[in-house]
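Take a look at the letters that make up each chain.
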Amino acid sequence: DEKTVKHIDRCLSCLACMTTCPSGVHYMHLVDHARAHIEKTYKRPLMDRLLRLTLARILPYPGRFRLALLGAKIGKPFRRFVPDARLRAMLAMAPKQIPPVSRNEDAQVFPATGARRKRVALMTGCAQRALDTDINDATIRLLRRLGCDVVVAKGQGCCGALNLHSGDLKMARRMARINIDVFLAAGVDLIVTSSAGCGSNMKEYQDLLAGDPRYAEPARRFAELTQDVTEVLVDLPFDPPKAQLNRKVTYQDPCHLVHAQRISSQPRAILNAIPGLELVEMEESSKCCGGAGIYSAAQPELSAKILSTKMGHIAATGAGQVITANPGCMVQIEQGLRQMGTSARVIHVVDILDEAYREEPSPERS
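Residues numbered from 1 in each chain as written. Predicted model: local features only at pLDDT ≥ 70, side-chain atom pairs only at ≥ 80, totals over all residues. Heavy atoms only, no water.

## Details of the nonpolar core
Here's step 1: One finds Leu-233 and Ile-352 to be the most contacted residues of the largest nonpolar core, which totals 51 residues.
Here's step 2: In contact with Leu-233, not counting residues within four places along its chain, are Leu-142, Leu-146, Phe-238, Ile-270, Val-350 and Leu-353.
Here's step 3: Formed by 25 residues, the second largest nonpolar core is a distinct cluster that contains Ala-161, Val-182, Val-188 and Tyr-215. (Core = buried A, V, L, I, M, F, W, Y, C linked by side-chain atoms within 4.5 Å. Buried < 20%, exposed > 50% of the residue type's maximum accessible area, 1.4 Å probe, protein only. Contact = heavy atoms within 4.5 Å.)

Dropping the structure here:
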């Protein structure tokens, strides 16, 4: 009924319940099943249906998403004339600059520049290919430096998280099967992602396809091979940079990294290894920023309140940079920083480690 749907829709799926529950109840699966049931049994208002259909047809496809961002950028100055609060929120999140397409995301193999250790495949993602191409570029440079051949597999697509969390199990499973076929055929030691939201979903493919006799076992193998880039960097391990980055930073735990994947120490180990970097922990660093996939568009008022609390915690640290590990969080926090009128920036953890390496003096200069 409408009341139940309202409460399920207001759930962030931040999964803090996963790390809080003493009985280990897997709430992520329960919420996803509830949303799938809603889509089958409940007819939403027309505007809701159109919004969800539009997002599902745009966000998982980088080319379409890039065009949508361009349209939002053009329409952003006129958003006050838009009557629907959700559409106004979407226009407000349009970035000032849309990054150029990175040719590093084309299907190819990047050979290791250091002593070869592993052959890994990179999940390039969908949203971050339109929002911030620097993340994948930095990830490739870091993995190569640490002795990894990096495979950008032809035919990979969206991980299906957006569709899954919107209740579209059919499309989520279709996307999962495509990625399983593509990545397992690449013959790699690991599948690496730099998006916490993608990683948490990819690690659950075995549950998503548990009832599929053909894909149940491949899905399990795929999930076992999947790792977040911060896991990979710490496990390899990496040599600390020699350059000094004398600045104060704070770290925001992405929900699907800290609660779903239980990864918290690895990003901090990376930051603490960079000379000159002062890491100041913010209050409630593992509390959601309010981005939560399409939540900021579907529930703009609640999302704004949650973001306001997060921005207060960030401001209290006095940090000039906010470090996180998920492109969705970056978009949300960037919006909060713009609203505060601060010069602080938000960047991915791979970006700051890559910057530290690139600041090292070359042998010629030294």
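Following the structure, the description resumes.
## Quick look at the packing of helix H18 (residues 300-317) against helix H19 (residues 327-340)
Here's step 1: At a minimum axis distance of 10 Å, the contact between H18 and H19 shows a crossing angle of 70°. The angle between H18 and H19 places the two elements in the roughly perpendicular class. Of H19, the residues touching H18 (which contributes Ser-303, Leu-307, Met-311, Ile-314 and Ala-315) are Gln-332, Ile-333, Gly-336, Leu-337, Gln-339 and Met-340.
Here's step 2: Taken together, the residues of the contact of H18 with H19 break down into seven nonpolar, four polar and no charged. (Axes fitted to C-alpha atoms, helices over the stretch in contact; angles between N-to-C directions. Helix = DSSP H or I, 4+ residues; strand = E, 2+ residues; numbered from the N terminus. Parallel < 35°, antiparallel > 145°, perpendicular 65-115°, else oblique. Nonpolar A, V, L, I, M, F, W, Y, C, P; charged D, E, K, R; others polar.)

## Looking at the environment of Glu-360
Here's step 1: Position of Glu-360 relative to the elements: it lies in the segment after helix H20 (349-358).
Here's step 2: Expressed as a C-alpha distance, the spacing of Glu-360 and Lys-242, which sit 118 residues apart in the sequence, is 5.9 Å.

## Side note on helix H6 (residues 85-92)
Owing to its 3.6 residues per turn, the α-helix aligns residues three or four sequence positions apart on the same side.
Here's step 1: Along H6, the residues classified as buried are Arg-86, Ala-89, Leu-91 and Ala-92.
Here's step 2: Where H6 is buried, its residues touch helix H4 (46-58), helix H5 (62-75), helix H17 (295-298), H18 and H19.

## Some thoughts on the pairing of strand E9 (residues 345-348)
Here's step 1: Sheet topology note: the strand E8 (residues 321-324)/E9 ladder contains four bridges and is parallel. For Thr-324, the partnering residue across the bridge sits in E9 and is His-348.
Here's step 2: Once the chain exits E8 it traverses H19 before rejoining the sheet at E9, and the crossover so formed is right-handed. (Pairing = 2+ DSSP bridges. Right-handed = clockwise from strand over helix to strand, strands pointing away.)

## Remarks on unusual backbone geometry
Here's step 1: Following Leu-236, the chain continues to Pro-237 via a peptide bond in cis, the omega torsion being -15°.
Here's step 2: Of note, Pro-237 is situated in the loop between helix H14 (229-235) and strand E6 (247-251).
Here's step 3: Positive phi is not limited to glycine here, since Ser-13 has a value of about 55°.
Here's step 4: Within the secondary structure layout, Ser-13 lies in the loop between helix H1 (2-10) and helix H2 (16-20).

## Comments concerning a nonpolar patch on the surface
Here's step 1: Among the surface-exposed residues, Leu-46, Met-47, Leu-50 and Leu-87 lie close enough to one another that they form a single nonpolar patch of about 340 Å² accessible area.
Here's step 2: With three residues, the single largest contributor to the nonpolar patch is H4.
Here's step 3: With respect to the element layout, Leu-46 can be found in helix H4.
Here's step 4: Look at Leu-46 and you get exposed, because its relative accessible area is 53%. (Patch = residues over 30% accessible without salt bridge, like charges linked within 9 Å, V, L, I, M, F, W, Y side chains within 5 Å. Areas by Shrake-Rupley, 256 points an atom, 1.4 Å probe, with all protein chains shown as cover. Salt bridge = Lys/Arg side-chain N within 4 Å of Asp/Glu carboxyl O.)

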